[in-house]
Amino acid sequence: DAGVIQSPRHEVTEMGQEVTLRCKPISGHDYLFWYRQTMMRGLELLIYFNNNVPIDDSGMPEDRFSAKMPNASFSTLKIQPSEPRDSAVYFCASRRGAQETQYFGPGTRLLVL
Amino acid sequence: EDKVVQSPLSLVVHEGDTVTLNCSYEVTNFRSLLWYKQEKKAPTFLFMLTSSGIEKKSGRLSSILDKKELFSILNITATQTGDSAVYLCAVDGTGAGSYQLTFGKGTKLSVIP
């Protein structure tokens, strides 16, 4: 199994630009999670999906952030417009429902200048 | 709000030493506690604990949970430089029907030769 796949691995952009992060969960996993990790705040859950439906987006910082999961094998996290304080590593993780082990993707390191 | 506190925040030891990392939690509807190891990339799964007093062991690493006192410890014996990483504790405390983890800030372990 290829594991959770994320792209891009690194993104450098200027303030105000739109950023789109992509994730492909492990095949057969019905839960998908987006996390953000910073030195100050650690690992924070942004949003998670079950069977492609958003369940809890209370961790999404503000309206500039949006996430979609059009099918079981693909999800996006979009930031529009981006700001320097969005600079972080963004992880996607997936799990199979009844199992509580989440498997993380390699992350996207985002730098907003 | 669920809360996970890890201590110490950082630790420097010499190869061969034994270390104990701590994780305390306050959650509603506890389901499980997980330990992850994070090197320079994504967190990788170590252990999942659901029952008090039952030690989980993998090589030089072991972990145990105390559901009465609401904490867990992760022990590493005969440490090696390859054990240098951030160790994350996470708790699934949202009960049936919801599958999200609350992470602690992590303990940064540095093992020097």
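Participant: Please clarify how the overall build of chain B should be interpreted in this entry.
Facilitator: Each helix and strand counted, chain B has 0 helices and 11 strands in total. The N-to-C order of helical and strand elements in chain B reads β-β-β-β-β-β-β-β-β-β-β. Compactness check: chain B gives a C-alpha radius of gyration of 14 Å against a globular reference of 13 Å for 113 residues, within 12% of the reference. If one aligns the C-alpha atoms of chain B with their principal axes, the spans along those axes are about 45 × 30 × 20 Å. Expressed as a percentage of the 113 residues in chain B, the buried residues total 44%. Put simply, 55% of the contacts in chain B that link residues at least 6 apart link residues at least 24 apart.

Participant: Could you clarify how one ought to interpret the nonpolar core in this entry?
Facilitator: One broad rule of soluble globular proteins: the nonpolar side chains tend to lie buried together. Counting 21 residues, the largest nonpolar core has Trp34(A), Leu77(A) and Tyr90(A) as its most contacted members. Residue assignment for this core shows that the elements contributing at least two residues are β3 (19-24), β4 (31-38), β5 (42-50), β7 (65-71), β8 (74-79), β9 (88-95) and β11 (108-112) of chain A. Residues contacting Tyr90(A), with those up to four places away along its chain left out, are Gln6(A), Leu21(A), Tyr35(A), Arg36(A), Leu46(A), Phe65(A), Leu77(A), Ile79(A), Gly107(A), Thr108(A) and Leu110(A). Val13(B), Leu74(B), Leu109(B) and Val111(B) belong to the second-largest nonpolar core, a separate cluster that totals 20 residues.

Participant: Please clarify how the pairing of strand β6 (residues 53-56) of chain A should be interpreted in this entry.
Facilitator: Consecutive side chains of a regular strand alternate in pointing toward one face of the sheet and then the other. Residues and elements named next belong to chain A. Two strands pair when backbone bridges link them, and β5 and β6 are joined in this way by 3 bridges, in the antiparallel orientation. Across the sheet, the residue bridging to Tyr 48 is Asp 56, located in β6. Counted along the chain from β5 to the antiparallel partner β6, the turn is 2 residues long, and its residue Asn 51 has a positive phi close to 50 degrees.

Participant: How should I be thinking about the layout of surface pockets in this particular structure?
Facilitator: Space left empty within the atom packing is revealed by a probe, the size of a water molecule, rolled over the atoms. The space that makes up the largest pocket amounts to roughly 790 Å³. Gln37(A), Met39(A), Arg109(A), Gln38(B) and Val86(B) are the residues nearest the centre of the largest pocket, which is lined by 28 residues in total. Taken together, the elements giving at least two residues each to the lining of the largest pocket come down to β4, β5, β9 and β11 of chain A together with β9 (85-92) of chain B. Tallied by class, residues from the lining of the largest pocket come to 12 nonpolar, 9 polar and 7 charged. Of the voids in this model, the second largest pocket is the one considered here, and its volume is about 630 Å³. Contributing to the lining of the second largest pocket are 26 residues, with Leu43(A), Glu1(B), Asp2(B), Thr102(B) and Phe103(B) lying nearest its centre. Among the secondary structure elements, those contributing two or more residues to the lining of the second largest pocket are β5 of chain A together with β1 (3-7) and β10 (101-103) of chain B. By residue number, the principal contributor to the lining of the second largest pocket is β5(A), which donates 7 residues. Per-class residue counts for the lining of the second largest pocket are 10 nonpolar, 9 polar and 7 charged.

Participant: Teacher, can you tell me more about the pairing of strand β5 (residues 44-49) of chain B here?
Facilitator: Residue and element names in this part refer to chain B. Note that strand β4 (residues 32-38) and β5 share 5 bridges and pair antiparallel. By the bridge assignment, Leu 34 is partnered in β5 with Met 48. Taken together, β4 and the strand that follows it, β5, pair antiparallel across an intervening segment of 5 residues.

Participant: I tried to follow the interface of chain B and chain A on my own but got confused; where do I start?
Facilitator: Interfaces are often sized by the amount of accessible area the parts lose when they come together. On the chain A side, the residues contacting the 18 residues of chain B number 21 residues. The tally of links from chain B across to chain A stands at 1 salt bridge. Taking the shortest distance from any N to any O, the salt bridge between Arg95(A) and Asp92(B) comes out at 3.5 Å. Here chain B is connected to chain A by 3 residue pairs in polar contact (both at pLDDT 80 or more). Of all elements in the fold, only β4, β5, β9 and β10 of chain B reach the threshold of two or more residues within the side of chain B that touches chain A. A total of 4 residues in the side of chain B that touches chain A trace back to one element, the largest contributor, which is β4(B). Split by residue class, the side of chain B that touches chain A holds 10 nonpolar, 4 polar and 4 charged.

What counts and what doesn't
Residues numbered from 1 in each chain as written. Chains lettered and ligands numbered in written order. Predicted model: local features only at pLDDT ≥ 70, side-chain atom pairs only at ≥ 80, totals over all residues. Heavy atoms only, no water. Helix = DSSP H or I, 4+ residues; strand = E, 2+ residues; numbered from the N terminus. Rg over C-alpha atoms; globule rule 2.2 N^0.38 Å. Buried < 20%, exposed > 50% of the residue type's maximum accessible area, 1.4 Å probe, protein only. Contact = heavy atoms within 4.5 Å. Core = buried A, V, L, I, M, F, W, Y, C linked by side-chain atoms within 4.5 Å. Pairing = 2+ DSSP bridges. 1 Å grid on protein atoms, 1.4 Å probe; cavity = no way out; pocket = protein on both sides within 12 Å on 5 of 7 lines; lining within 4 Å. Points joined across faces, edges and corners; volume = space filled by probe spheres on them. Nonpolar A, V, L, I, M, F, W, Y, C, P; charged D, E, K, R; others polar. Salt bridge = Lys/Arg side-chain N within 4 Å of Asp/Glu carboxyl O. Polar contact = N/O pair within 3.5 Å; in protein donor to acceptor, adjacent residues only side chain to side chain.

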